[in-house]
Amino acid sequence: MGEIIKSLQPGPKMIDLVTAMFRTAWDAKRAQAKSIVTSGKQEVARLDKEIETILDRIISASNETIIRRYEDKVEELEKRKALMLENMSKHSEPKVAFDEKLELALVVFANPWKLWESGNIHIRRLVLKLAFAGPLAYCRNEGTRTPAISFPFKALQGGSDHGVCYGGS
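Just so it is clear, the model here is predicted, and its values are computed rather than measured.

### Quick notes on the pattern of salt bridges
In the structure shown here, the tally under the stated rule is 9 salt bridges. Measuring nitrogen to oxygen at the nearest pair gives 3.6 Å for the salt bridge that ties Glu43 to Arg80. With Glu43 in helix H2 (residues 12-60) and Arg80 in helix H3 (residues 64-90), this residue pair connects regions lying 37 residues apart in the sequence. Accessibility expressed as a relative area gives 22% for Glu43, which makes it partly exposed. The salt bridge partner of Glu76 is Lys73, with a shortest N-O separation of 3.9 Å.

### Quick look at the confidence of the model for the protein chain
Residues with a pLDDT of 70 or more make up 91% of the protein chain, whose mean pLDDT is 81. When mean pLDDT is taken per element in the protein chain, H3 scores highest with 92 and strand E3 (residues 165-166) scores lowest with 42. Every residue in residues 159-169 is under pLDDT 50, and counting partners more than four places away or in other chains gives 28 contacts.

### Looking at the environment of Val74
Along the chain, Val74 falls in helix H3. For Val74 and Leu85, which are 11 residues apart along the polypeptide, the C-alpha to C-alpha distance reads 16 Å. Those residues in contact with Val74, other than ones at most four positions away along the chain, are Ile51, Ile54, Leu55 and Ile58.

### Overview of the packing of H2 against H3
It is the contact of H2 with H3, at a shortest axis distance of 9 Å, that shows an interaxial angle of 165°. The angle between H2 and H3 falls in the class roughly antiparallel. Read as a crossing pair, H2 and H3 show a hand that is left-handed. Taken together, the residues that form the contact of H2 with H3 break down as 15 nonpolar, 2 polar and 11 charged.

How each quantity is defined
Residues numbered from 1 in each chain as written. Predicted model: local features only at pLDDT ≥ 70, side-chain atom pairs only at ≥ 80, totals over all residues. Heavy atoms only, no water. Salt bridge = Lys/Arg side-chain N within 4 Å of Asp/Glu carboxyl O. Helix = DSSP H or I, 4+ residues; strand = E, 2+ residues; numbered from the N terminus. Buried < 20%, exposed > 50% of the residue type's maximum accessible area, 1.4 Å probe, protein only. pLDDT = per-residue confidence, 0-100. Contact = heavy atoms within 4.5 Å. Axes fitted to C-alpha atoms, helices over the stretch in contact; angles between N-to-C directions. Parallel < 35°, antiparallel > 145°, perpendicular 65-115°, else oblique. Left-handed = near helix turned anticlockwise from the far one by under 90°. Nonpolar A, V, L, I, M, F, W, Y, C, P; charged D, E, K, R; others polar.

The following block contains the structure:
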């Protein structure tokens, strides 16, 4: 098993490529979040102005039916405003820095063998789940059969195959 895990370690050029891709995705996500927050602030300001206009109309209205309809409209606008504020809070600036997120992501992909070598059964299971697309097949006489490598590790290796059979474990 160790041979297979060791073979998954990508080269430094691939790590650099993953870092650049992660940075691009991170920046795009931040730009999208900033755009959502900016448009959300504009929408909240528009809703506030509309609510204020309706409240002014309520003050000058004398018909109870019209007042009730205005109040219903204000309630609807307040709900939309609350949803908008909630949506904006979901897209706020990330609480963890880029480098911290990247470090966590690369720990597994840069050196799965180091994690495997820790001997911790939970970490080993995590490595197996992340590294392989399915359960490993084992041949009694020949050892572990060719594993189905998960997409991230395949991409980091350029899609290379690992042969048919690994002897021993």
